[in-house]
Amino acid sequence: MALFLKSKNYGNLAKELDQVAHDLEELTGVTFEGFLRHSKTCLDRAVNLGKRIEGENKTITQRVLAEKAATGEIQGTSVLIMGVVNHFETIRQHLEKIGQVSRTKITDGVLFSNKAVDELSYLFNSLRDSLRQVHDIFLTDNPILLNYLQEKINICRQEATRFTSEHEERLIKGVCLPQSSSIYLSLTDSLKDILWHMSEIGQLLAKDPGAGSAEKEVG
């Protein structure tokens, strides 16, 4: 369980991490809406939301680094927090990339098959559900939710691999056009990477930093 959530020293940071998870969930939804509806307006909203999330991540990072400068050591909990923030920021960057690819799809008038849209819908919705679970874990520190999160992500990653394999087979057979295929694979690759980072976040939240896990600053 993420024991730092119960620490008075990290209570505010836990709330800020929870906010980032909530905002990433919203960013996922807005980005997918832009993709699905061919809406550059939604993608513009996603850009602004992404900038806000980037600022939130920087603020948390600065606070942890300030504590390091003041104490000369890095507590185990601080390492855990920085790990979560780094994964959050990488997820934001991947969603930004998905938004950019979606803009290209809109500008070039690229159309996807119903199957491709259904597969991407599954991945986007699974990602939103996983981020919602992280949000709930921050609020409740519930180990059952943590187990559910990891199981959900593992299943989704397996499905994503299956989707791309089947798609590549359709491309070889000439069923899919190269332009739409490259965009589809770019989107699924980013979503698979995001799911990997979600799994890593789940593992971090399962760790106990421990009272004796402080690392002295070197140099």
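Predicted, not measured: the structure shown is a model, and the values here were computed from it.

Quick look at the side chain of Asn57 now. Tracing the chain through its elements places Asn57 in helix α2 (residues 40-71). Taking relative accessible area as the criterion, Asn57 reaches 3% and is therefore assigned buried.

So, on to the pattern of salt bridges. The final tally for this structure, using the stated rule, is 16 salt bridges. A salt bridge links Lys58 to Glu54, with the shortest nitrogen-to-oxygen separation between them at 3.8 Å. Residue Lys58 and its partner Glu54 are both found in helix α2; the two are separated by four residues, about one turn of the helix. Overall, the relative accessible area of 47% leaves Lys58 in the partly exposed class.

All right, on to the packing of helix α4 (residues 114-140) against helix α6 (residues 178-205) then. Between α4 and α6, the least distance of the axes is 11 Å, while the angle of their chain directions is 20 degrees. The angle between the axes of α4 and α6 places the two elements in the roughly parallel class. Where α4 crosses over α6, the handedness of that crossing is left-handed. Listed contacts from α6 to Ala116, Glu119, Leu120, Leu123, Phe124, Leu127, Ser130, Leu131, Val134, Ile137 and Phe138 of α4 are Tyr184, Leu187, Thr188, Leu191, Ile194, Met198, Ile201 and Leu205. Of the residues belonging to the contact of α4 with α6, the class tally is 16 nonpolar, two polar and one charged.

This part takes up the side chain of His94. Of note, His94 is situated in helix α3 (residues 76-108). If sequence neighbours within four positions are ignored, His94 has contacts with Ser190, Asp193 and Ile194.

Here we take up the confidence of the model for the chain. Low pLDDT marks regions whose predicted coordinates should not be analysed in detail. Summarising the model, the chain shows a mean pLDDT of 86, and 85% of its residues fall at 70 or more. Across residues 210-219, where pLDDT falls below 50, the model places 14 contacts with residues more than four positions away in sequence or in other chains.

Now for the packing of aromatic side chains. Applying the stated rule across the entire model yields six aromatic pairs. Ring geometry for Phe112 versus Tyr184: centroids 6.2 Å apart, planes at 70 degrees, classification edge-to-face. Here Phe112, found in the loop between α3 and α4, pairs with Tyr184, found in helix α6; they are 72 residues apart in sequence, far enough to count as distant. Neither Phe112 nor Tyr184 differs from the other in exposure class; each is buried. One aromatic cluster in this structure is built from Phe32, Phe35, Phe112, Phe124 and Tyr184. The ring of Phe112 carries the charged tip of Lys105 above its face, separated from the ring centre by 4.9 Å.

You will see that His38, though not glycine, has its phi angle at about 55 degrees, which is positive. By the secondary structure assignment, His38 is in the loop between α1 (11-37) and α2.

The next thing to look at is the environment of Val47. Following the sequence through the fold, Val47 ends up in helix α2. The class of Val47 is partly exposed, set by a relative accessible area of 40%. When the C-alpha atoms of Val47 and Thr31 are compared, they prove to be 8.9 Å apart, with 16 residues separating the residues in sequence.

Each value, and the rule that gives it
- Residues numbered from 1 in each chain as written.
- Predicted model: local features only at pLDDT ≥ 70, side-chain atom pairs only at ≥ 80, totals over all residues.
- Heavy atoms only, no water.
- Helix = DSSP H or I, 4+ residues; strand = E, 2+ residues; numbered from the N terminus.
- Buried < 20%, exposed > 50% of the residue type's maximum accessible area, 1.4 Å probe, protein only.
- Salt bridge = Lys/Arg side-chain N within 4 Å of Asp/Glu carboxyl O.
- Axes fitted to C-alpha atoms, helices over the stretch in contact; angles between N-to-C directions.
- Parallel < 35°, antiparallel > 145°, perpendicular 65-115°, else oblique.
- Left-handed = near helix turned anticlockwise from the far one by under 90°.
- Contact = heavy atoms within 4.5 Å.
- Nonpolar A, V, L, I, M, F, W, Y, C, P; charged D, E, K, R; others polar.
- pLDDT = per-residue confidence, 0-100.
- Phe/Tyr/Trp six-rings, centres within 6.5 Å; stacked < 30°, edge-to-face > 60°.
- Lys NZ or Arg CZ within 6 Å of the ring centre and 35° of its normal.

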